[in-house]
Amino acid sequence: MKILPWFPLFCFLGVATAQQVPWGRPDIPVSNHDRVYAADQTSNTVSVIDPSTNRLLGVIRLGDPVPGSLSPLYNGQLLVHGLGYSPDSKTLAVVSVGSNSVTLIETATNKIKGIVYVGRSPHEAFFTPNGRELWVTVRGENYVSVIDPTLMKETRRIEMANGPGMTIFGTDGRYAFVCSSFTPELTVVDAKSYQILKRVPQASPFCPNLAVSPENDEVWITLKDAGKVQVFSAQPPFEQKALLKTGPITNHVNFVNNRNGKFTYLTIGGANQVKVYRRGTKLDLIATIQVGNLPHGIWPSGDGSRIYVALENGEMAVAIDTITNQVITNIPIGQTTQALVYVPNAVPNGDGRQNLVPLGEAGNTSRLHLQAGGSSLSDAQASAAVNSLGLLDLVQIAARGLAPKTQYQVYLAKSNREPFGQLTPLAVLKTNPDGAGIVQAIGPMKALTAVDLPASTSSRRFLIVTEMKDPTKVVLRQSNALNGP
């Protein structure tokens, strides 16, 4: 009798414990052998956390921050963004969007095993359940790059619609699911023959993330532009089961099974929340957890007792107890973190601190809050993070409650109240169909905003957002306080 890897084996053995993503394994208790990894896009680092103590051990530095990374002689990685890991927990795959690369890292030692370069702007990568292949979505083109992780080279390309965003596999390894960030369709691929089996309509074009349930029965995809989640069957004919309105900047999705039941966790970036749905014949929203600025990546522990969330504008990882759905602690990490994964038994022996360096300058971040500036958009608000890059700073603003598909102008102002004084144009903020948007700008922002100075200090500047053609109509203005209104 042929037994497929991981999931079917446990079924035949009759293991009665809960099962966790991504391979439907029985529970693996939290220990100091586990690691949480976070992909820090601005600092070009991977933050490494020991979940047994919930402490940052250090970072794996894959590249330099701006402006050094913009040099024509620069050869490090740029825009560290996506994460995946092998079924044996020995290899971490790190996708860097700006340098078109996948870095393979040995989890036990944090040592770089090799780098594979792929096509334009890859986004995410994940291993097949048997560990023999690594599938990388090349979002800037129209294919998935299949990589041999031993030979460290591309072996084939699977062409599909423009802009594949992420791929994930069912627990039995039979089907691969690839959502798109540019084309409104979910592609189902036979993982053995590489043939496309079906193209299923997405409710909107921009899907950055998806996950398959531990039971291998559902696929959940996030629709960041529409603030929705779409649920499909993970088995033929792959029909839609639900379409949920979840909230602005719906980022990532993952699953937890524990003694309370079976649940889906979603990061809602624009609302600074994690939403929890009970899975079953009816999808019930059972909890809304306030976590901090712009939650993005999310992944459960090996036993489902916790779930970890990366705060993109908070420079923190949040640990949540999944029994009580209460925040346990916040852990400092790198800048503008995107993906996050939890890898059980990543370090079988030793303390796993080799090749790590301190967080350093990447821990130097100021957090701001922008509140509604006028009655016409009374629900509008935004978070902003000012990240130190050494000589320069990067400010990222994540807004919600604005008009859909609209352009706004971001300024530095002399005051955060009328009259706002001299205005310096900073960036153009474009909102999606849900009225949310994210924008970045680089410059000496910390010196200009002077967030550590009293409001009365003459050198202080403030962030405001106005209508594109009329700077007198302010829709968002920075509050005086840090980290809140």
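Since the structure is predicted, the reported quantities are computational estimates derived from the model, not experimental observations.

**Considering the sheet that holds strand β12 (residues 143-148)**
Sheet architecture is open: four strands sit in the order β10-β11-β12-β13, paired in antiparallel fashion. The open sheet has two edge strands, β10 (122-127) and β13 (153-159), and neither has a second partner. Across this sheet, the average inter-strand angle for adjacent strands is 25°, counted without regard to direction. In the sheet, β12 pairs with β13 via six bridges, with the strands oriented antiparallel. Residue pairing for β13: Ile 147 is matched across the bridge by Glu 154.

**Details of the pairing of strand β17 (residues 196-201)**
Inspection of the sheet shows strand β16 (residues 185-190) paired to β17 by five bridges, in the antiparallel sense. Across the sheet, residue Thr 187 finds its bridge partner in β17, namely Arg 199. Where β16 folds back onto β17 in an antiparallel hairpin, the turn is made up of five residues, including Tyr 194, whose phi is positive at roughly 70°.

**Observations regarding the environment of Lys 414**
Structurally, the position occupied by Lys 414 is in the loop between β34 (407-413) and β35 (423-430). Owing to a relative accessible area of 40%, Lys 414 belongs among the partly exposed residues under this scheme. Taking C-alpha positions, Lys 414 is 9.0 Å from Thr 424, a pair spaced ten residues apart along the chain.

**Focus: the sheet that holds strand β8 (residues 101-106)**
Read across the open sheet, the four strands follow the order β6-β7-β8-β9; overall the sheet is antiparallel. Strands with a single pairing partner mark the edges of an open sheet, and in this sheet they are β6 (80-85) and β9 (111-117). Adjacent strand axes in the sheet meet at a mean angle of 25° when their direction is disregarded.

**Side note on the nonpolar core**
One finds Tyr 37, Leu 92, Phe 177 and Leu 210 to be the most contacted residues of the largest nonpolar core, which totals 50 residues. The dominant element in this core, judged by the number of residues it contributes, is strand β30 (residues 337-343), at five residues. The residues contacting Leu 92, other than those within four sequence positions of it, are Tyr 37, Val 46, Leu 83, Gly 84, Tyr 85, Thr 103, Leu 104, Ile 105, Thr 107 and Val 341. Ranked by size, the runner-up nonpolar core spans 23 residues in total, among them Leu 368, Leu 377, Ala 380 and Val 475.

**Some points on the pattern of salt bridges**
Evaluation of the coordinates by the stated rule reveals eight salt bridges. The residue Glu 154 makes a salt bridge to Arg 157 at a minimum N-O spacing of 2.9 Å. With relative accessibility at 28%, the residue Glu 154 sits in the partly exposed group. Notably, a salt bridge pairs Lys 245 with Asp 434, separated by 2.6 Å at the nearest N-O pair. Here Asp 434 lies in the loop between β35 and β36 (437-443) and Lys 245 lies in strand β21 (residues 240-245), a separation of 189 residues in the sequence. Bridged by salt links that share partners, the residues Glu 215, Lys 262 and Arg 279 form one connected network.

**A closer look at the packing of aromatic side chains**
Tallying each qualifying case throughout the model produces 13 aromatic pairs. Taking the centre distance of 6.5 Å and the plane angle of 65° together, the rings of Tyr 175 and Phe 177 count as edge-to-face. No difference in accessibility class separates Tyr 175 from Phe 177, as the two residues are buried. Aromatic rings pair up to connect Trp 23, Tyr 85, Phe 126 and Trp 299 into one cluster. Between Arg 156 and the ring centre of Tyr 194, over which it is positioned, the NZ or CZ distance is 3.8 Å.

**Comments concerning empty space enclosed by the protein**
Under the defined criterion, the tally for this structure stands at four cavities of 30 Å³ or more. Looking at the largest cavity, its volume works out to about 160 Å³. Lining the largest cavity are 19 residues; nearest its centre among them are Met 166, Asn 209, Leu 210, Asn 254 and Trp 299. The leading source of residues in the lining of the largest cavity is strand β18 (residues 209-212), at four residues. Residues of the lining of the largest cavity, tallied by class, amount to 15 nonpolar, three polar and one charged. For the second largest cavity, the calculated volume is near 100 Å³. Along its surface, the second largest cavity is lined by 14 residues, and Val 21, Pro 22, Tyr 85, Gly 302 and Pro 344 are the ones closest to its centre.

Conventions used here
Residues numbered from 1 in each chain as written. Predicted model: local features only at pLDDT ≥ 70, side-chain atom pairs only at ≥ 80, totals over all residues. Heavy atoms only, no water. Pairing = 2+ DSSP bridges. Helix = DSSP H or I, 4+ residues; strand = E, 2+ residues; numbered from the N terminus. Axes fitted to C-alpha atoms, helices over the stretch in contact; angles between N-to-C directions. Buried < 20%, exposed > 50% of the residue type's maximum accessible area, 1.4 Å probe, protein only. Core = buried A, V, L, I, M, F, W, Y, C linked by side-chain atoms within 4.5 Å. Contact = heavy atoms within 4.5 Å. Salt bridge = Lys/Arg side-chain N within 4 Å of Asp/Glu carboxyl O. Phe/Tyr/Trp six-rings, centres within 6.5 Å; stacked < 30°, edge-to-face > 60°. Lys NZ or Arg CZ within 6 Å of the ring centre and 35° of its normal. 1 Å grid on protein atoms, 1.4 Å probe; cavity = no way out; pocket = protein on both sides within 12 Å on 5 of 7 lines; lining within 4 Å. Points joined across faces, edges and corners; volume = space filled by probe spheres on them. Nonpolar A, V, L, I, M, F, W, Y, C, P; charged D, E, K, R; others polar.

Function cannot be read off these values alone, since they describe shape.
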